[in-house]
Amino acid sequence: MLKAGVKPAPPFLIQSTDGRYSGISQWLWEGLSEVAGYECEHTQATLKNLL
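We now turn to the structure provided with this report. (Residues numbered from 1 in each chain as written. Predicted model: local features only at pLDDT ≥ 70, side-chain atom pairs only at ≥ 80, totals over all residues. Heavy atoms only, no water.)

### Details of the overall build of the protein chain
Threshold: Under the DSSP-based scheme used, a helix requires at least four consecutive residues in state H or I and a strand at least two consecutive residues in state E, with every element numbered from the N terminus. Residue exposure (1.4 Å probe, protein chains only): buried if accessible area is under 20% of the type maximum, exposed if over 50%, otherwise partly exposed. Any two residues whose heavy atoms approach within 4.5 Å are treated as being in contact. The Shrake-Rupley method, run with a 1.4 Å probe, gives the accessible areas here. Residue values count only the displayed protein chains as cover. Counting rule for charge: Lys and Arg are taken as positive, Asp and Glu as negative, and neither His nor the chain ends is counted. The atoms used to mark charge sites are NZ of Lys, CZ of Arg, CG of Asp and CD of Glu.
The secondary structure content of the protein chain amounts to two helices and four strands. The linear arrangement of helices and strands in the protein chain, starting from the amino end, is β-β-β-α-β-α. Each of the three principal axes of the protein chain carries a C-alpha extent, and together these read 25 × 20 × 20 Å. Put simply, the protein chain has 51 residues, and 14% of those count as buried. Counted over contacts in the protein chain with a minimum sequence separation of 6, partners at least 24 positions apart contribute 52%. Entry remark: accessible area of the protein chain is about 4,000 Å², with carbon and sulfur atoms responsible for 59%. Of the side chains in the protein chain, 4 bear a positive and 5 a negative charge, and the two mean positions are spaced by 14 Å.

Listed below in structure tokens is the structure:
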């Protein structure tokens, strides 16, 4: 399992009211994890924690 720390920042990453993510970064993570053969899980974090 691939875990990705994320911080919503439109248009790169948008979180809907139901908690799902969309946007450019989401599409890239989905594509990369599919090619690599991993399932991807997103965990929301603050900018400080991502660095």
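### Focus on the pattern of salt bridges
Quick reminder of the rule: Here, a salt bridge means any Lys or Arg side-chain nitrogen found within 4 Å of an Asp or Glu carboxyl oxygen.
Scanning the model with the defined rule gives one salt bridge in all. For D18, the salt bridge goes to R20, with nearest N and O atoms at 2.9 Å. Classification of R20 by relative accessible area gives exposed; the value is 60%.

### Concerning the side chain of S33
The residue S33 is located in helix α1 (residues 24-36) in this model. Not counting residues up to four positions away in its chain, the partners in contact with S33 are L2, Y38 and C40.

### Quick word on unusual backbone geometry
The residue after P10, namely P11, is reached through a cis peptide bond having omega 5°. For P11, the position within the fold is in the loop between β1 (2-6) and β2 (14-15).

### Looking at α1
The criterion, for reference: One fewer than the residue count of a helix, multiplied by 1.5 Å, yields its expected span.
Compared with the 18 Å implied by 1.5 Å per residue over 13 residues, the 18 Å span of α1 between its first and last C-alpha is a close match. Immediately beyond the C-terminal end of α1, within one or two residues, lies G37, with a positive phi of roughly 85°.

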